[in-house]
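As a plain string of letters, each chain reads:
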Amino acid sequence: MKLSHFQFNLPKELLAEFPAENRDESRLMVIDRQKQTIEHKMFKDVINYFDDGDVLILNNTKVFPARLYGNKEKTGARIEVFLLRELNSEQRLWDVLVDPARKIRIGNKLYFGDDDSLVAEVIDNTTSRGRTLRFLYDGSYEEFRNKLTELGETPIPKYINREVTAEDAERYQTIYAKEEGAVAAPTAGLHFSKHLLKKLEIKGINFAEVTLHVGLGTFNPVEVEDLSKHKMDSEELIIKQEACDIVNAAKIAKKRICAVGTTSMRAIESSVSSQNTLNPFEGWTNKFIFPPHDFSIANCMITNFHTPKSTLLMMISAFCGHDLMKRAYEEAIKEGYKFYSYGDAMLII
């Protein structure tokens with residue numbers, strides 16, 4: 001498969017600017033790989049495709065308010081700082097992206113907040129927009145982290161062309177988010193309401209939680225025609241024994257094991273034993289899944305509709321089969337499904 005196989009024309013009006021009024025009331029396209037059929041449902045109907053003993057694998061990462069706005073010393077120019085990851089908690093070193101990048105050089109200082117109580121010094125260049133910052137703050141580590149939370153805003157994706165609202169802080173977060181560390185939400189999970197999760201639990205569906213801290217690299221468009229040459233950014237991954245036990249028991253019992261989102265799928269595919277069971281894992285993964293790929297754990301997945309040339313689309317092609325995926329996407333565009341983070345969902349069985 002080549003990059004050009006993943007190009008399609010996506011009408012701008014199909015990019016979802018706002019979430020559905022209720023989490024579980026977005027639309028759901030159901031794709032049956034065996035029957036090669038496509039059905040149109042509501043997300044809450046997802047419960048009808050699962051039975052007692054089936055498993056949903058959830059990514060419980062929590063998005064932190066990663067987007068800050070500071071002012072450059074002397075000029076006062078407004079600079080966006082996007083926190084990517086903490087490099088050293090003692091020295092308060094962070095990997096960030098800055099915009100506009102051309103104005104930001106090593107040695108520059110940035111001031112944050114109305115009272116300039118938080119200062120950052122640029123100590124290194126990492127990529128064209130990437131910098132390493134050392135934060136200077138007069139307080140304990142906990143107070144410093146609280147200050148970042150207070151000054152930061154929800155990092156809704158760049159394509160959403162509007163101001164961040166108070167609602168985004170709640171809606172750009174899954175209701176089962178626990179472990180802080182992502183700079184983007186695992187968006188397939190945004191469709192689950194508390195009520196729907198409760199109904200699934202009552203029906204006997206089990207939940208296995210994994211933690212993959214979603215980085216911005218997930219959304220980097222692929223730029224090489226030969227997919228095997230694309231390099232994924234590494235993301236932190238934790239899979240505990242408890243999750244492995246739930247998944248592996250379901251595998252033995254031949255149950256439906258559903259990865260909720262591309263991040264959950266990437267997580268489990270990063271830690272497969274030689275017997276094709278799920279192993280515990282703590283570390284970093286840069287797994288890139290593209291066709292052809294044999295999936296070892298999940299036999300079902302829930303995902304959103306993705307943008308052209310994205311690594312996410314390539315994973316769906318590998319799982320769904322390229323021709324069926326193309327058919328589904330053509331139908332989604334024709335039927336006016338909403339794409340991307342706040343968009344509609346797809347269940348592939």
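Going by an unreviewed UniProt entry, the protein carries the name S-adenosylmethionine:tRNA ribosyltransferase-isomerase and comes from Flavobacterium pectinovorum. Under Catalytic activity (unreviewed entry), UniProt gives the following word-for-word description of the protein: "7-aminomethyl-7-carbaguanosine(34) in tRNA + S-adenosyl-L-methionine = epoxyqueuosine(34) in tRNA + adenine + L-methionine + 2 H(+)". Recorded in UniProt for the protein, the comment headed Pathway (unreviewed entry) runs: "tRNA modification; tRNA-queuosine biosynthesis."

Here we look at helix α6 (residues 311–320)
With respect to burial, α6 is a largely interior element, 10 of its 10 residues being buried. Taken together, the buried positions of α6 are Thr311, Leu312, Leu313, Met314, Met315, Ile316, Ser317, Ala318, Phe319 and Cys320. Phi turns positive one or two residues past the end of α6, at Gly321, with a value near 100°.

A look at the nonpolar core
In summary, soluble globular proteins display a tendency toward joint burial of nonpolar side chains. With 64 residues, the main nonpolar core has Met29, Ile31, Met265, Phe339 and Met346 as its most contacted residues. With 7 residues, α6 is the largest single contributor of residues to this core. With 24 residues, the next largest nonpolar core counts Ala66, Leu68, Leu118 and Leu148 among its residues.

Remarks on the pattern of salt bridges
By the definition in use, this model includes 12 salt bridges. A salt bridge links Glu80 to Lys158; the shortest N-O distance between them is 2.9 Å. Placement of the pair is Glu80 in strand β6 (residues 78–88) and Lys158 in the loop between α1 (141–151) and α2 (166–171), with a sequence separation of 78 residues. Sharing partners across several salt bridges, the network here consists of Arg67, Glu80 and Lys158.

So, helix α4 (residues 241–252)
Here α4 spans 16 Å end to end across 12 residues, near enough to the 16 Å set by a 1.5 Å rise per residue. Listed as buried for α4 are Ala243, Cys244, Val247, Asn248 and Ala250. Along α4, the residues classed as buried sweep out an arc of 160° about the axis, all on the same side. Those residues of α4 that are exposed and angled more than 90 degrees off the buried face are Glu242 and Ile252. On its buried face, α4 is in contact with β3 (55–59), β12 (206–212), β13 (235–239) and β14 (257–260).

Regarding the packing of α6 against helix α7 (residues 322–334)
One way to put it is that α6 packs onto α7 with a least axis distance of 7 Å and a crossing angle of 120°. Of the possible angle classes, the one that applies to α6 and α7 is oblique. Of the residues in α7, those touching α6 at Leu313, Ile316, Ser317 and Cys320 are His322, Leu324, Met325 and Tyr329. Looking at the contact of α6 with α7, its residues break down into 6 nonpolar, 2 polar and no charged.

Things to note about the packing of helix α5 (residues 262–269) against α6
Contact geometry for α5 and α6: axes closest at 11 Å, N-to-C directions at 70°. Relative to α6, α5 is oriented roughly perpendicular. Judged by the twist between their axes, the crossing of α5 over α6 is left-handed. Of the residues in α6, those in contact with Thr262, Met265 and Arg266 of α5 are Leu312, Met315, Ile316 and Phe319. Here the contact of α5 with α6 is composed, by residue class, of 5 nonpolar, 1 polar and 1 charged.

Observations regarding the sheet that holds strand β16 (residues 300–304)
Across the sheet, which stays open at both edges, the 9 strands sit in the order β2-β1-β17-β16-β14-β3-β12-β13-β15 with mixed pairing between neighbours. Only two strands of the sheet have a single neighbouring strand rather than two, namely β2 (37–42) and β15 (281–285). With strand direction ignored, the average angle separating the axes of adjacent strands in the sheet is 20°. Two elements, strand β1 (residues 27–32) and strand β17 (residues 345–348), share 4 bridges in a ladder whose sense is parallel. Across the sheet, residue Met29 finds its bridge partner in β17, namely Met346. Lying on the sheet, α6 is in contact with β1, β16 and β17; it crosses β16 at an angle near 150°.

Cut-offs used in this document
- Residues numbered from 1 in each chain as written.
- Predicted model: local features only at pLDDT ≥ 70, side-chain atom pairs only at ≥ 80, totals over all residues.
- Heavy atoms only, no water.
- UniProt positions renumbered as here; feature names shortened; annotations may be inferred.
- Buried < 20%, exposed > 50% of the residue type's maximum accessible area, 1.4 Å probe, protein only.
- Helix = DSSP H or I, 4+ residues; strand = E, 2+ residues; numbered from the N terminus.
- Core = buried A, V, L, I, M, F, W, Y, C linked by side-chain atoms within 4.5 Å.
- Salt bridge = Lys/Arg side-chain N within 4 Å of Asp/Glu carboxyl O.
- Expected span 1.5 Å × (residues − 1).
- Arc of directions from axis to C-beta.
- Contact = heavy atoms within 4.5 Å.
- Axes fitted to C-alpha atoms, helices over the stretch in contact; angles between N-to-C directions.
- Parallel < 35°, antiparallel > 145°, perpendicular 65-115°, else oblique.
- Nonpolar A, V, L, I, M, F, W, Y, C, P; charged D, E, K, R; others polar.
- Left-handed = near helix turned anticlockwise from the far one by under 90°.
- Pairing = 2+ DSSP bridges.

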